[in-house]
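Inside the fold
One letter stands for each residue in the lines below.
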Amino acid sequence: MEGINVAGLGTVSQGHMYGLNLSGLGTVAEGDMWGLNVGGLAAVSQGNMGPLTIAGLAAVAEDKAEGLTVAGLAVVGERAVNGAAVTLGAVESAEAVRGFAVAGYRVKAPRVQGLAIPIAWLRAGRLDGVSVSVYNRVVGSQYGLTIGLVNYARQLHGFQLGLINIARNNHG
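My aim in this report is to walk through the structure given alongside it, one point at a time. (Residues numbered from 1 in each chain as written. Predicted model: local features only at pLDDT ≥ 70, side-chain atom pairs only at ≥ 80, totals over all residues. Heavy atoms only, no water.)

As for the nonpolar core
Across soluble globular proteins, you tend to see nonpolar side chains buried next to one another. In terms of nonpolar packing, the biggest core is built from 28 residues, with Met-49, Val-91, Val-97, Val-107, Val-112 and Leu-122 touching the most fellow members. Residue assignment for this core shows that the elements contributing at least two residues are β7 (49–55), β8 (58–61), β9 (64–71), β11 (80–87), β13 (96–103), β14 (106–118), β15 (121–132) and β16 (135–156). Non-local contacts of Val-97, meaning those with residues more than four positions away in its chain, are made with Val-81, Val-91, Val-107, Lys-108, Ala-109, Arg-111, Val-112 and Gln-113. (Core = buried A, V, L, I, M, F, W, Y, C linked by side-chain atoms within 4.5 Å. Buried < 20%, exposed > 50% of the residue type's maximum accessible area, 1.4 Å probe, protein only. Helix = DSSP H or I, 4+ residues; strand = E, 2+ residues; numbered from the N terminus. Contact = heavy atoms within 4.5 Å.)

Written out as structure tokens, the structure reads:
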């Protein structure tokens, strides 16, 4: 589907969807979804999604969510979330979150690069950048800065600022 795709309940494509993609409930593409993507409840792509996606509850890409992605409860990019992601819930990826991520609950990915501001907690395998959260947990290497009440890093190659700071490679 290309062009202006608008529906009261659902806009669904069995392939790619390009252009203005808007629906009251769900905007769904079995391929890439590229353009201005708006779903009253959800925007879901089985490929890449971007550059501007807005969803009432969840924005989900089975490949990459790129650009500016805003959702009420979750922003998910199976391969990556690249760009700016904003949600009251969680920003998550099975591979990487890159850029700017703000979440009311958590940011979770094996690799987080850039600036992450989850209110409750960050869980990353590797952090390259800055995280500001109540609880920052980097189960691998941290390169950069974490600011929180509790900060944990298995390998710290940066700085922790908090009430409780744990770095497993710090033996001093």
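After presenting the structure, the write-up continues.
Focus on the environment of Glu-30
Relative to the assigned elements, Glu-30 resides in the loop between β4 (26–29) and β5 (33–39). For Glu-30, a relative accessible area of 44% translates into the label partly exposed. Spatially, the C-alpha atom of Glu-30 lies 9.6 Å from that of Glu-62, the residues being 32 residues apart in sequence.

Examining the packing of aromatic side chains
Applying the stated rule across the entire model yields two aromatic pairs. On the numbers, 6.5 Å between centres and 75° between planes, the contact of Tyr-105 with Trp-121 is edge-to-face. Here Tyr-105 is found in the loop between β13 and β14, whereas its partner Trp-121 is found in strand β15, with 16 residues between them in sequence. Residue Tyr-105 is classed as partly exposed on the basis of its relative accessible area of 40%. Here the aromatic rings of Trp-121 and Tyr-135 are separated by 6.4 Å at their centres, their planes lie at 25°, and the arrangement is stacked. Within this pair, whereas Trp-121 is found in strand β15, its partner Tyr-135 is found in strand β16, the two being separated by 14 residues in sequence. Its guanidinium or amino end placed over the ring of Tyr-152, Arg-137 lies 4.6 Å from that ring's centre, counting from NZ or CZ. (Phe/Tyr/Trp six-rings, centres within 6.5 Å; stacked < 30°, edge-to-face > 60°. Lys NZ or Arg CZ within 6 Å of the ring centre and 35° of its normal.)

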